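# Chain and residue survey
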Amino acid sequence: MTDRPNDRSLEKYRRMLRIRHFEDKAEAIHAAGEIPGALHTYAGQEASGVGACIALRNDDYMVGTHRSHGHPIAKGAKLRPLMAELLGKVTGICKGKGGSMHLSDFSVGSLGETSIVGSGIPVAAGAALGSKLQGNDRVALCFFGDGATNEGAFHEGMNLAAVWKLPAIFVCENNGYAVSTPASAAVPVKDIAERAKAYAMPAIIVDGQDVDAVEAAVTEAVERARTGGGPTLVETKTYRYADHAVNMGRILLDRGAEVDEWRKRDPLTLYRARLLEAGVAAATLDAMEQEVADEVADALQFARDSAYPEQADAFDDVFVDRLPIPDYLTA
Ligand SMILES: Cc1ncc(C[n+]2csc(CCOP(=O)(O)OP(=O)(O)O)c2C)c(N)n1
Ligand SMILES: [Mg+2]
């Protein structure tokens, strides 16, 4: 952060608060049976998502994972349609057909999230290729986990992006686990960032609990991508507080005191301290937190008051007719 807190710093804090409150609420109502299916929460990883997305323009592309409520929120998405989507309502951002794990929000450039681990990486490479072919300067940022880097799709996407110097930013959110398998048992390199060497791709390792540090790292990567320098792998070292998916006893993992240790470096606590130190009044931050809590409560009320989609509309927006071939491919 610069010496004096500015609107951008406060916006970063607000977005992290939004994610935390949204996820805590989602977890609670999932436990009560209001959200169908599996729910993977992002609490603990807020600085990684917000630091990365704040470095993007609104029209830049972003691709998520199965753990991606936080990513669109980090990029500025509205909470009402997101919450309605989790509840499967027709007012949801995908009319209730995407749900927690398959939602996209084009209003903020989110091309979507997917339950197939690693599969967003070639999608982001494709979006970046699209920008290059169309001659615009939009970049594509892809989030994925440490586990995804063991998938073929990761290596294929990274390779193609490097060979074609695509305007892509690959953000590996290394939270130390894939379901209940520690990264140390599944990844042979110490840092995921080392894997970039195989593609002659620059890599940056960053403290994923520090939103300013993540923003600085991703800003460097975005500048490189936007100016024709090709892709970068950014590894954010972070942690998720909840189990892999919440309220699902069969995959519980006992991480003992490790969670408490990470909570000492909670991204919101760290940033609040930094803002206070920089002269922001505690009352300002408390008021912001109350506003965010109200915003999440409003989103939930909106979702609860909304209707479910009609059965007759089940196949609308699911299939497309054959797409026209764009001019830039035939010219
Ligand atoms: C191709 C594929 N393999 C396995 C799974 C089952 N699965 C779902 S999430 C997950 C772990 C992913 O770990 P990571 O990429 O580190 O993301 P995190 O959950 O930690 O955010 C696995 C193995 C899947 N959904 N898709
Ligand atoms: Mg992981």
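Residues numbered from 1 in each chain as written. Chains lettered and ligands numbered in written order. Predicted model: local features only at pLDDT ≥ 70, side-chain atom pairs only at ≥ 80, totals over all residues. Heavy atoms only, no water.

### Concerning the overall build of the chain
Broken down by element type, the chain carries 12 helices and 8 strands. Compactness check: the chain gives a C-alpha radius of gyration of 19 Å against a globular reference of 20 Å for 331 residues, within 12% of the reference. Structurally, the chain occupies a C-alpha span of about 55 × 55 × 40 Å along its principal axes. Burial statistics for the chain: of 331 residues in total, 50% are counted as buried. Restricting the contact set of the chain to residue pairs at least 6 apart, pairs at least 24 apart contribute 75%. Summing over all exposed atoms, the chain offers an accessible surface of approximately 14,800 Å²; the carbon and sulfur share of this is 54%. If you average the places of the 35 positive and of the 47 negative side-chain charges in the chain, the two averages end up 3 Å apart. (Helix = DSSP H or I, 4+ residues; strand = E, 2+ residues; numbered from the N terminus. Rg over C-alpha atoms; globule rule 2.2 N^0.38 Å. Buried < 20%, exposed > 50% of the residue type's maximum accessible area, 1.4 Å probe, protein only. Contact = heavy atoms within 4.5 Å. Areas by Shrake-Rupley, 256 points an atom, 1.4 Å probe, with all protein chains shown as cover. Lys, Arg positive; Asp, Glu negative; His and termini not counted. Charge placed at Lys NZ, Arg CZ, Asp CG, Glu CD.)

### What to know about the site of ligand 1
Neighbouring ligand 1 are 15 residues; His66, Arg67, Ser115, Gly147 and Asn175 lie closest to it. Here an oxygen atom of ligand 1 sits 2.8 Å away from a polar atom, N or O, in the side chain of Asn175. Summarising the interface, the protein chains cover 72% of the accessible area of ligand 1, which totals 580 Å² for the free molecule. In a pocket analysis with a 2 Å cut-off to the grid points, ligand 1 is assigned to the largest pocket. The residue inventory of the shell around ligand 1, partitioned by class, reads 6 nonpolar, 6 polar and 3 charged. (Near = heavy atom within 4 Å. Polar contact = N/O pair within 3.5 Å; in protein donor to acceptor, adjacent residues only side chain to side chain. 1 Å grid on protein atoms, 1.4 Å probe; cavity = no way out; pocket = protein on both sides within 12 Å on 5 of 7 lines; lining within 4 Å. Sits in = over half its atoms within 2 Å of the grid points. Nonpolar A, V, L, I, M, F, W, Y, C, P; charged D, E, K, R; others polar.)

### With respect to unusual backbone geometry
Non-glycine residue Lys165 carries a positive phi angle of around 45°. Summarising the element assignment, Lys165 is placed in the loop between α6 (152-163) and β4 (168-174). The phi dihedral of Asp317 falls on the positive side, at around 65°, and the residue is not glycine.

The values reported here are purely geometric and, on their own, carry no functional implication.
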